[in-house]
Amino acid sequence: MSTTADIAIQPKYTRKELTGAQPTWCPGCGDFSILSVYLKLMEKRQVPLQNIISVSGIGCSSRFPYFVNAHGAHFLHGRALPFASGISLARPDLHVFVFTGDGDALSIGGNHLDHAARKNVKLTCVIMDNSVYGLTKHQTSPTSPVGFRSKTDPTGSHDRPVNPMKKLIAAGATFIARTNSHQPNHVLEMMDKAIDHDGFSVIHCLSECAQFYPGAFDKTNPRRGGSYPLVPDSHDVTDEVAAYKLATEPFPGYFGVFYQTKIPTKNANEAKLIATAQEKAGHATPLELMTKTLRQFC
Ligand SMILES: Cc1ncc(C[n+]2csc(CCOP(=O)(O)OP(=O)(O)O)c2C)c(N)n1
Ligand code: SF4
Ligand SMILES: [Mg+2]
């Protein structure tokens, strides 16, 4: 574990030093831009190297932690959030980032997303949504549109796609933003706001799969004839119903912060519970408390 002294002597670092392994993504993959923004954010904030932690599940997007020269974990498919929640609860001094795909977060990990949101665990989850399963080479994902042809739907998908923003509002996430990897300045702005949020923050980031779904988000890209409408200034981010209405707008919809509210985090609630138990046990250390509790069950 790092000490204040370690942090003080650590020289200023650059994005280059924070760059890990050479990314294995295909040329043109939107994920490159998200990685570059994340490195920029850490450099800008000078988050102490030993305090940087990125966690992911499985997928092209979930290779993310390999490409960051800091702490990270590549966990089971769909299970990045419970793993990251444990880190956040044990080390509330760190701000954990989770990088996950549309399949990882909304399909196999869909329930974990709901529960991390309602528990308001302090961390930031970036859903890198390409509306396809990239790593396994072209299957329909939970956000693929109706009619999408893939290996699992050769004649076109019939299933209505998940609307991640609606799902996150309903689940109780306390910071919800939408962005697109082709707008790196906007991604940075959203990450900057998310890291300052004391609670469960989610960024739904569209990120084109150049290999299996090229052009998926052209309608959101002004350079390809689309438009990038920002959340109107008049939108009240604390109004859940207004956020839900924004989320129902047809594609390309809006980009920016849809919702933000402040309620106690699970981290704060657990810290209080532990402090009370320690006091009752005569100011026991966490280890003494744990040993005492376990003995009751043996
Ligand atoms: C338990 C389990 N089921 C299925 C798989 C196969 N699998 C690996 S990645 C993946 C989909 C990933 O899609 P997504 O999260 O959208 O990531 P992308 O590759 O598109 O970035 C699947 C089904 C697995 N690794 N583990
Ligand atoms: S398959 Fe798609 S998502 Fe995966 S690295 Fe290639 S472009 Fe990116
Ligand atoms: Mg995907």
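Residues numbered from 1 in each chain as written. Chains lettered and ligands numbered in written order. Predicted model: local features only at pLDDT ≥ 70, side-chain atom pairs only at ≥ 80, totals over all residues.

Undergrad: What's the story with the overall build of the protein chain in this structure? I'm lost.
TA: The number of helices and strands found in the protein chain is eleven helices and seven strands. Relative to the 2.2 N^0.38 estimate, which gives 19 Å for 298 residues, the radius of gyration of the protein chain is 20 Å and therefore close to what a compact globule would have. Seen through its C-alpha atoms, the protein chain measures out along the principal axes to roughly 65 × 45 × 40 Å. Split into buried and exposed, the 298 residues of the protein chain put 39% on the buried side. When contacts within the protein chain are restricted to residue pairs at least 6 apart in sequence, those whose partners lie at least 24 apart make up 67%. (Helix = DSSP H or I, 4+ residues; strand = E, 2+ residues; numbered from the N terminus. Rg over C-alpha atoms; globule rule 2.2 N^0.38 Å. Buried ≥ 20, exposed ≤ 12 C-beta atoms within 10 Å, placed from the backbone. Contact = placed C-beta atoms within 7 Å.)

Undergrad: Looking at this structure, how should I read the site of ligand 2?
TA: All residues adjacent to ligand 2 are Trp-25, Cys-26, Cys-29, Asp-31, Cys-60, Asn-130, Gly-134, Cys-209, Ala-210, Gln-211 and Phe-212. Partitioned by chemical class, the residues of the shell around ligand 2 number seven nonpolar, three polar and one charged. (Near = placed C-beta within 6 Å. Nonpolar A, V, L, I, M, F, W, Y, C, P; charged D, E, K, R; others polar.)

Undergrad: Explain the site of ligand 1 here, please?
TA: Near ligand 1 you find 16 residues, and of these Gly-59, Gly-101, Gly-103, Asp-104 and Gly-134 are the closest. Per-element accounting of the shell around ligand 1 gives the leading share, three residues, to helix H5 (residues 102-108). When its residues are assigned to classes, the shell around ligand 1 shows five nonpolar, nine polar and two charged.

Undergrad: Would you mind going over the nonpolar core with me for this structure?
TA: Core analysis: the largest hydrophobic core is formed by 63 residues, its most contacted members being Val-98, Val-126, Ile-176, Val-202 and Phe-258. No other element matches helix H3 (residues 31-45), which puts six residues into this core. Residues within four places of Ile-176 in sequence aside, it is in contact with Met-165, Leu-168, Ile-169, Val-202, Ala-243, Phe-258 and Tyr-259. (Core = buried A, V, L, I, M, F, W, Y, C linked by C-beta atoms within 7 Å.)

Undergrad: I would appreciate a short explanation of the domain arrangement of the protein chain in the present structure.
TA: Interfaces are often sized by the accessible area lost when the parts come together. Taken domain by domain, the protein chain consists of domain 1 (4-263) and domain 2 (265-298). Taking the mean C-alpha position of each, domain 1 and domain 2 sit 34 Å from one another. Across the contact, nine residues belong to domain 1 and five residues belong to domain 2. Taken together, the residues that form the side of domain 1 that touches domain 2 break down as three nonpolar, three polar and three charged. (Domains from an automatic or database assignment.)

Undergrad: What am I meant to see in the pairing of strand S3 (residues 95-101) here?
TA: In terms of burial, S3 is largely enclosed, as seven of its seven residues are buried. What you see with S3 is no split at all: His-95, Phe-97, Phe-99 and Gly-101 on one side and Val-96, Val-98 and Thr-100 on the other are buried throughout. Sheet topology note: the strand S1 (residues 52-56)/S3 ladder contains five bridges and is parallel. When the bridges of S3 are listed, Ser-54 appears paired with Phe-97. As paired strands, S3 and strand S4 (residues 123-129) are joined by five bridges and run parallel to one another. (Pairing = 2+ DSSP bridges.)

Undergrad: Hey, could you run me through helix H7 (residues 164-171) in this one?
TA: Side chains that are three or four residues apart share a direction in an α-helix, a result of its 3.6 residues per turn. Listing the buried residues of H7 in full gives Pro-164, Met-165, Lys-167, Leu-168 and Ile-169. With its phi angle positive at about 100°, Gly-172 sits one or two positions after the end of H7.

Undergrad: I tried to follow the sheet that holds strand S5 (residues 175-180) on my own but got confused; where do I start?
TA: Strands in a sheet are paired, the pairing made by backbone hydrogen bonds, and the direction either parallel or antiparallel. Strand order across the open sheet formed by seven strands is S2-S1-S3-S4-S6-S5-S7, with mixed pairing between neighbours. The strands lining the two open edges of the sheet, one partner per strand, are strand S2 (71-74) and strand S7 (256-260). In this sheet, adjacent strand axes meet at a mean angle of 15° when their direction is disregarded. Where helix H4 (residues 80-90) meets the sheet, its contacts fall on S1, S2, S3 and S4, and the angle it forms with S3 comes to roughly 175°. (Axes fitted to C-alpha atoms, helices over the stretch in contact; angles between N-to-C directions.)

Undergrad: Would you mind going over the environment of Val-187 with me for this structure?
TA: Take Val-187: it is sitting in helix H8 (residues 184-196). Look at Val-187 and you get buried, because 26 C-beta atoms sit within 10 Å. The spatial distance from the C-alpha of Val-187 to the C-alpha of Phe-255 is 9.9 Å, given a sequence separation of 68 residues. Once you skip the residues sitting within four places of it in the chain, Val-187 turns out to touch Ser-33, Ile-34, Val-37, Thr-179, Ser-181 and Cys-205.

Undergrad: Help me understand the environment of Asn-267, please; the structure alone is not making it clear to me.
TA: Secondary-structure assignment places Asn-267 in helix H10 (residues 266-280). In the structure, Asn-267 is positioned 147 residues away from Asn-120 in sequence and 8.2 Å away in space, judged by C-alpha atoms. Not counting the four nearest positions on each side in its chain, Asn-267 is found in contact with Ser-88, Leu-89, Pro-92, Val-121 and Lys-122.

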